[in-house]
Structures are given as structure tokens and as C-alpha cells.
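Overview (structure and organization)
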Protein chains: 2
Amino acid sequence: MEKVAEGKTKIIYSMPDLEKVTLKFKDDITAFDGKKHDLIKDKGVINAAITTKLFRYLEKEGVSTHLVDLPQPGVMVARNLKMIPLEVVCRNIAAGHILERLPGFKKGDSFPKPIVEFFLKNDSLHDPILNDDHIQVLALANKREIAEMKRLALKTNEFLKPYLLKKEMILADFKLEFGRDSKGKIIVGDELDCDSMRLWDIKTGEILDKDVYRQGAPLEKVTETYLKCYRKIVGGEPK
Amino acid sequence: MEKVAEGKTKIIYSMPDLEKVTLKFKDDITAFDGKKHDLIKDKGVINAAITTKLFRYLEKEGVSTHLVDLPQPGVMVARNLKMIPLEVVCRNIAAGHILERLPGFKKGDSFPKPIVEFFLKNDSLHDPILNDDHIQVLALANKREIAEMKRLALKTNEFLKPYLLKKEMILADFKLEFGRDSKGKIIVGDELDCDSMRLWDIKTGEILDKDVYRQGAPLEKVTETYLKCYRKIVGGEPK
């Protein structure tokens, strides 16, 4: 297997079947456009398992994902998508940087309907927010594809919110990334885990996601948070 | 006539006919969320005349505006709209702060199609850019009204671009504000002049709008720029 690309938290390897790739989830954790960077024990194994569990459910709900298999802990076989360099964020509850952009909503306030936002993956421009015209002018996706990404983000939210609520977690917001398969179909790629969801314990309000790291918690506390999330979503202990 | 409201560049007075208001265009000029502020001789008279001229043409093109009459220089009678606190920007050519948000476009580059953007009028949040979901969640406009504002911005652009080109000016971008009439119809309000358009002389590239002020030109130079714009669009000298 040859390394094709390496991101902040994953390494992509080619496979003999060119329709597939292997994704190695790393233990690296980053924040603030990569300016903060550490290693969290078992993070790769935890996030790969959570993503796999959630993507399997999404497939059942009719949302296609790139997941093929999880042949070993932390290593996912996925469909080889042409990724679109956008972060598609769906928000149920006000948290994070939207608080600096939308007046009248405090942290924890519910939005009257879910908000879908598109951000360009571009650290040097600090991931600017884009509207539909920007996405088309940058030739990242056409009108139909933008509508499809919105539809899939909202459908994912409709499944994910009650699913996590049963596990006593509130889904404040989450981020998806999409790609095109060899036929041009828009498919959910990347991951869906403690790095890409804001999850709050419904009883204690405890943060169960990467925000503990952003907020400067000790790394042992971050590890413990990721483990809690694993136990709630996947069950048991990561091996 | 009673003063109803005063903005950075206009004063609104009530009228006996409650369906109408009087707008006094001030000589004040501001930039950078109001942090830079000066007076420009005859600016109110110039901008009121340019807005009146362009709004009359827009009406002929089927774009409803709040303009009723210009009974005296600098003083406009307008329909009394419930204004929507949004700035709707339409861009043909890359200029201004979009350069910090869209990679791959330098100042002066044409976009492959016009870009329409919505900004919240909120100086303390620095007029954040909003997408359709934000606008709905803030209850500023519904889906149909958002589409109507986009349609009217693009229709205005379609008229304005060739009209100004005949006067040897390139329309890089412009800003509209909208309101609702007593029946809830979306109508162009506010102004359309040297404060709200980016205009470049087609031959010399000379800036013919408020950017000369933003860029720190002496106030006499700013006055001269507004006068040039008046002569090109309205003709003659302001009285």
C-alpha cells in the first residue's frame, strides 16, 4: 500500500482495487487551524470505530457513505472518492464561532430550525464561510450538488439527533465532508466522531467532544472524554 | 415633519401621508463601521440625484423602488417601507473584502457569474455575512423573500452594468437594501450611488466611488470624485 495523502488526522493509502482506499486514523489532535497540536492515546482507534458505527446506521437510513469495512482497529477501508474541499456544518444549538456571527443566540440556545453552513477547507484563509454563489464561482460544486449536500446533512441530522439522544447525548452540531464517486454521485466521506460533532451529556451538560481540547483541558482529560464517547456510542472499551 | 430616524448618511422624516417619508441625504461620509467619518461638500445632493436617476430607470425595468420624487436637491420623498436590516451585495468583479474570503481571485478579476451576498447590518458584529438559513433563523425574511431579493439584485445588475458601461464606467459591485411595503411586497429602498457602488473608469481605471475615501484620499479629492460620478450619471453640475 502506497501513501497517497496525509491530513492532520488521517493517512490515505492506495489499494490494489483503485475504487477503494485505506484510511489510517491517527492519534493526532489539532485545533485553531492546526496551530494547537497533540497526540491522544487511542484517538485513532476510537474515532474510526465511532465513524464506522454511525456510517453503518446512516447507510441503513439511505445516506451513502464511503465506508466499506473496518478490518482492524483504527484502519478503515473506504470508497475512493474525489473529495470536495468543503466542510458542511449542521447546527441545532448555538455553540462555537457562530456565536460571534449571529446576534440574539447565546451558547446552548436552540435554533428554530437546523442551520446548514458551508466552509472552504483553507487554513490560510481560516476556512471562510461560503454561500451557494461562492461555491459555484469557485467551481467546487454545481447547484444540484450543493442542494444534495444540504439534503444529506439535514437527513444525517434527522437520524443522528434522536439516535444520540437515546444515548443521553445532545447533538449541538456536526460537520460532514463529501466526495464524488466514479459516477459523480455525492457521498458522505471523511469521518463522524468526537472530532466532528459537538456532544453534550443530557444530564450533566458535560462536553463529550474535541471542545474539551480546544478549551485547554489536560490531555488525560481529553483521552477520558474520547473514551466516554466511545463507550456511549460503540459500547465496551476500544481494543 | 418629525424626525423618525437618523442613520450615518440620511435622516428620515415622517409625512402627513403615512405611506410616505422624506429622506434627507446628509453630507456625512463614513467607513470602517463608522470609525472614519467626515463631511463632503454637496455629497447629499449628489447622492440623492444619482439614486433618483438610477431608481427611475430601475422602475422602468420592472424593479420597484421606494422613490416617489425629488422635490428639492438632496431631499427625496419615498415610500414608507419596513426596512429589512440586510445589505444585499452583487459582485461582478473581485474587489474589497471578498478578496480575503475567496481564493484564486485577484482585485479586478471578473467572476464567471455575478455573486449575490447577504450581510447583516450590525456594526458591533462587523456586518457578518449570512446564508439563507441564518436569515430565516433570525426571522429577517422567509425563503420566498430571500429568493425575491436575489432576483431583484441580479435584475438590477443586468440593467445597471450595460447602462454604466455606456457612460464608460465598469460596475465592479453594488449594494442594495430592501424593505416591505404595506402589502408585504419586497421593494428596493435606501440608495444606489457613489456610496453603494464600486465604479471604475473604463479607460483610466480611476476609482469613481467611496473607495477613494476608504483609501485615505484628501477630502477635496473625494469631493471631486463624487462630482465626476454626478457628471457622468446625472449630467451637468449639482445645484
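Residues numbered from 1 in each chain as written. Chains lettered and ligands numbered in written order. Predicted model: local features only at pLDDT ≥ 70, side-chain atom pairs only at ≥ 80, totals over all residues. Heavy atoms only, no water.

1. Structural notes on the domain arrangement of chain A
Residue and element names in this part refer to chain A.
- Taken domain by domain, chain A holds domain 1 (3-79) and domain 2 (82-218).
- Here the C-alpha centre of domain 2 lies 17 Å away from the C-alpha centre of domain 1.
- At the interface, 29 residues of domain 1 touch 26 residues of domain 2.
- Summed over the shared surface of domain 1 and domain 2, the number is 5 salt bridges. (Domains from an automatic or database assignment. Contact = heavy atoms within 4.5 Å. Salt bridge = Lys/Arg side-chain N within 4 Å of Asp/Glu carboxyl O.)

2. Section: the interface of chain B and chain A
- The interface is formed by 25 residues belonging to chain B together with 25 residues belonging to chain A.
- Together, the buried faces of chain B and chain A total about 2,100 Å²; carbon and sulfur atoms form 67% of this surface.
- It is Asp133, His134 and Val137 of chain B that lose the most area in chain B upon contact with chain A, and together they represent 26% of the buried surface on that side.
- Applying the counting criterion to the chain B and chain A interface returns 2 salt bridges.
- Linking Asp133 of chain B and Lys113 of chain A is a salt bridge whose minimum nitrogen-to-oxygen distance equals 3.3 Å.
- Remark: the boundary between chain B and chain A carries 10 residue pairs in polar contact (both at pLDDT 80 or more).
- Ranked by residues supplied to the side of chain B that touches chain A, first place goes to strand E10 (residues 110-120) of chain B with 8 residues.
- Looking at the side of chain B that touches chain A residue by residue, the class counts come to 16 nonpolar, 4 polar and 5 charged. (Buried area = accessible area lost by both parts, 1.4 Å probe. Polar contact = N/O pair within 3.5 Å; in protein donor to acceptor, adjacent residues only side chain to side chain. Helix = DSSP H or I, 4+ residues; strand = E, 2+ residues; numbered from the N terminus. Nonpolar A, V, L, I, M, F, W, Y, C, P; charged D, E, K, R; others polar.)

3. What to know about the sheet that holds strand E15 (residues 197-201) of chain A
Residue and element names in this part refer to chain A.
- With antiparallel pairing, 5 strands are arranged side by side in an open sheet as E11-E10-E9-E12-E15. The open sheet has two edge strands with one neighbour each: strand E11 (129-130) and E15.
- When strand E10 (residues 110-120) meets E11, the two strands line up antiparallel, connected through 2 bridges. Bridging across to E11, Phe118 finds its partner in Leu130.
- Across the sheet, helix H3 (residues 143-166) touches strand E9 (86-93), E10, strand E12 (169-176) and E15, and the angle it forms with E12 is around 155 degrees. (Pairing = 2+ DSSP bridges. Axes fitted to C-alpha atoms, helices over the stretch in contact; angles between N-to-C directions.)

4. Focus: the relation of the copies chain B and chain A
- Its rotation angle being 180 degrees, the transformation that places chain B on chain A also includes 0.0 Å of axial translation and leaves an RMSD of 0.0 Å. Here the copies are linked by what is in effect a two-fold axis. By C-alpha distance to the rotation axis, the residue of chain B lying nearest is Asn131 of chain B, at 3.0 Å.
- Taken together, the interface assignments show that 100% of the residues at the interface of chain B recur at the interface of chain A, consistent with an identical surface on both copies. (Least-squares fit on C-alpha atoms with pLDDT ≥ 70 in both.)

5. Regarding the packing of helix H1 (residues 43-60) of chain A against H3 of chain A
All names here are of chain A.
- For the pair H1 and H3, the least separation of the axes is 10 Å and the interaxial angle reads 120 degrees. In terms of orientation, H1 and H3 fall into the oblique class. Crossing geometry of H1 relative to H3 is assigned as right-handed. Of the residues in H3, those in contact with Lys53, Leu54, Tyr57 and Leu58 of H1 are Thr156, Phe159, Leu160 and Tyr163.
- Across the contact of H1 with H3, the residue classes tally to 6 nonpolar, 1 polar and 1 charged. (Parallel < 35°, antiparallel > 145°, perpendicular 65-115°, else oblique. Left-handed = near helix turned anticlockwise from the far one by under 90°.)

6. Overview of the pairing of E9 of chain A
Residues and elements named next belong to chain A.
- Within E9, 8 of the 8 residues are buried, which leaves the element mostly enclosed by the surrounding structure.
- Relative to E10, E9 runs antiparallel, the two sharing 7 bridges. Across the sheet, the residue bridging to Ile93 is Ser110, located in E10.
- Here E9 pairs with E12 via 4 bridges, running antiparallel. Following the sheet pairing, Val89 is matched in E12 by Lys175. (Buried < 20%, exposed > 50% of the residue type's maximum accessible area, 1.4 Å probe, protein only.)

7. Thoughts on helix H5 (residues 219-233) of chain B
Residues and elements named next belong to chain B.
- Over its 15 residues, H5 runs 21 Å from end to end, which matches the ideal 21 Å to within 8%, given 1.5 Å per residue.
- Of the residues making up H5, those classed as buried are Val222, Thr223, Thr225, Tyr226, Leu227, Cys229, Tyr230 and Ile233.
- In this fold, the buried residues of H5 make contact with strand E4 (28-31), helix H1 (43-60), helix H3 (143-166), strand E12 (169-180), strand E14 (197-201) and helix H4 (211-214).
- Immediately downstream of H5, the backbone of Gly235 shows phi near 90 degrees, a positive value. (Expected span 1.5 Å × (residues − 1).)

8. What to know about the side chain of Thr51 of chain A
Residues and elements named next belong to chain A.
- Inspection of the secondary structure puts Thr51 in helix H1.
- Among the polar contacts listed, one links the side chain of Thr51 to the backbone nitrogen of Leu192, at a separation of 3.1 Å.
- In this structure, Thr51 is in contact with Phe25, Met76, Asp190, Glu191, Leu192 and Asp193, ignoring residues within four places of it in sequence.

9. Some points on the pairing of strand E1 (residues 3-6) of chain B
Residue and element names in this part refer to chain B.
- Here E1 pairs with strand E2 (residues 10-14) via 3 bridges, running antiparallel. Across the sheet, Ala5 pairs through a bridge with Ile12, a residue of E2.
- In this structure, the hairpin formed by E1 and E2 is closed by a connection of 3 residues.

10. So, the packing of H1 of chain B against H5 of chain B
All names here are of chain B.
- For the pair H1 and H5, interaxial distance at closest approach is 10 Å and the crossing angle is 30 degrees. With respect to H5, the axis of H1 lies roughly parallel. At the point where H1 passes H5, the crossing takes the left-handed sense. Contacts from Lys43, Ile46, Asn47, Ala49, Ile50, Lys53 and Leu54 in H1 reach Tyr226, Leu227, Cys229, Tyr230 and Ile233 in H5.
- Counted by class, the contact of H1 with H5 contains 9 nonpolar, 1 polar and 2 charged residues.

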